[in-house]
Amino acid sequence: GDSVTQMEGPVTLSEEAFLTINCTYTATGYPSLFWYVQYPGEGLQLLLKATKADDKGSNKGFEATYRKETTSFHLEKGSVQVSDSAVYFCALTGAGGTSYGKLTFGQGTILTVHP
Amino acid sequence: DSGVTQTPKHLITATGQRVTLRCSPRSGDLSVYWYQQSLDQGLQFLIQYYNGEERAKGNILERFSAQQFPDLHSELNLSSLELGDSALYFCASSVGQGPYYGYTFGSGTRLTVV
């Protein structure tokens, strides 16, 4: 079945550092890929998405490129802020069949940014 | 405010009891999804409804059931509760039958079974 693997955390960075959170996936067909962010005590918020190979999703300085050849969707940000401290989830939805309608999430990566 | 409303925010109950979690989707959204978030299992998809009909089923226990009403709100019923059912339960909604454009999540109901 579909699966998502994220790099192990937690990740601790200083403000203005470069961020990469790795995400790889296993799925049949052409899934859509997402990054969600969860701030303490809140629900998940969609950060960015990509729906086909080579698409780049971007939002709030974060970027991720859908790489079908490496089945990856790594999240990057050039300069992190303290306010970026949160849990980040990579997710996919299948192209159809029984996986349609369902988001499969990675285990989440805790990011802490220090001033 | 995401537009998806979940009640109650917190729930503490005893083993063996039954509880009902409620979700009102964002205005205009026809699909409702339920997820369970726990430390050991992560985020697990439970079930999806679209315009009142069940569309997809995930790792939902037989003790759990859900439905979507004509006004599109949804309820998740958890019965014969066990300690292991303690978790955050999220509801999400989307316009269409799938999360092509992403879901909108509610802020969750934290269930504690004692």
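Here the structure is shown first, and the text comes after it.
This section reports on the structure supplied with the text. (Residues numbered from 1 in each chain as written. Chains lettered and ligands numbered in written order. Predicted model: local features only at pLDDT ≥ 70, side-chain atom pairs only at ≥ 80, totals over all residues. Heavy atoms only, no water.)

Glancing now at the interface of chain A and chain B. Listed by partner, the interface residues are 17 residues for chain A and 18 residues for chain B. The junction of chain A with chain B conceals about 1400 Å² of combined surface from both sides, 64% of it contributed by carbon and sulfur atoms. Inspection of the chain A/chain B interface yields zero salt bridges. Remark: the boundary between chain A and chain B carries four residue pairs in polar contact (both at pLDDT 80 or more). Put simply, the parts of the chain that give the side of chain A that touches chain B at least two residues each are strand E5 (32–38), strand E6 (44–50), strand E10 (86–93) and strand E11 (103–105) of chain A. Residue contributions to the side of chain A that touches chain B peak at four residues, all from E5 of chain A. (Contact = heavy atoms within 4.5 Å. Buried area = accessible area lost by both parts, 1.4 Å probe. Salt bridge = Lys/Arg side-chain N within 4 Å of Asp/Glu carboxyl O. Polar contact = N/O pair within 3.5 Å; in protein donor to acceptor, adjacent residues only side chain to side chain. Helix = DSSP H or I, 4+ residues; strand = E, 2+ residues; numbered from the N terminus.)

Our focus in this paragraph is the sheet that holds strand E9 (residues 75–77) of chain A. Residue and element names in this part refer to chain A. The four strands are arranged E3-E9-E8-E7 in an open sheet whose pairing can be described as antiparallel. The sheet is open, and its two edges are formed by strand E3 (19–21) and strand E7 (56–59), each paired on a single side. In this sheet, neighbouring strand axes are inclined to one another by 15° on average, regardless of whether the strands run parallel or antiparallel. Sheet topology note: the strand E8 (residues 62–65)/E9 ladder contains three bridges and is antiparallel. (Pairing = 2+ DSSP bridges. Axes fitted to C-alpha atoms, helices over the stretch in contact; angles between N-to-C directions.)

Applying the stated criterion across every chain yields a total of two disulfides over all chains. Across the disulfide from Cys23 of chain A sits Cys90 of chain A; the S-S distance is 1.9 Å. A torsion of -70° about the S-S bond marks the disulfide between Cys23 of chain A and Cys90 of chain A as left-handed. Taken as a pair, Cys23 of chain A in strand E4 (residues 23–26) and Cys90 of chain A in strand E10 lie far apart in primary sequence, 67 residues in all. Residue class for Cys23 of chain A comes out buried when judged on its relative accessible area of 1%. Each sulfur in the disulfide pair Cys23 of chain B and Cys91 of chain B lies 1.8 Å from the other. One quick way to see it: the torsion about the S-S bond of Cys23 of chain B and Cys91 of chain B is about -55°, and its sign makes the bridge left-handed. Taken as a pair, Cys23 of chain B in strand E3 (residues 19–24) and Cys91 of chain B in strand E9 (residues 87–94) lie far apart in primary sequence, 68 residues in all. What makes Cys23 of chain B buried here is its relative accessible area of 0%. (Disulfide = S-S within 2.5 Å. Buried < 20%, exposed > 50% of the residue type's maximum accessible area, 1.4 Å probe, protein only.)

In this section: the pairing of E10 of chain A. Residue and element names in this part refer to chain A. Within E10, seven of the eight residues are buried, which leaves the element mostly enclosed by the surrounding structure. Two strands pair when backbone bridges link them, and E5 and E10 are joined in this way by seven bridges, in the antiparallel orientation. The partner of Leu33 across the bridge, within E10, is Leu92. Inspection of the sheet shows E10 paired to strand E12 (residues 109–114) by three bridges, in the antiparallel sense. Across the sheet, Val87 pairs through a bridge with Ile110, a residue of E12. Note that E10 and E11 share three bridges and pair antiparallel. The partner of Thr93 across the bridge, within E11, is Leu103.

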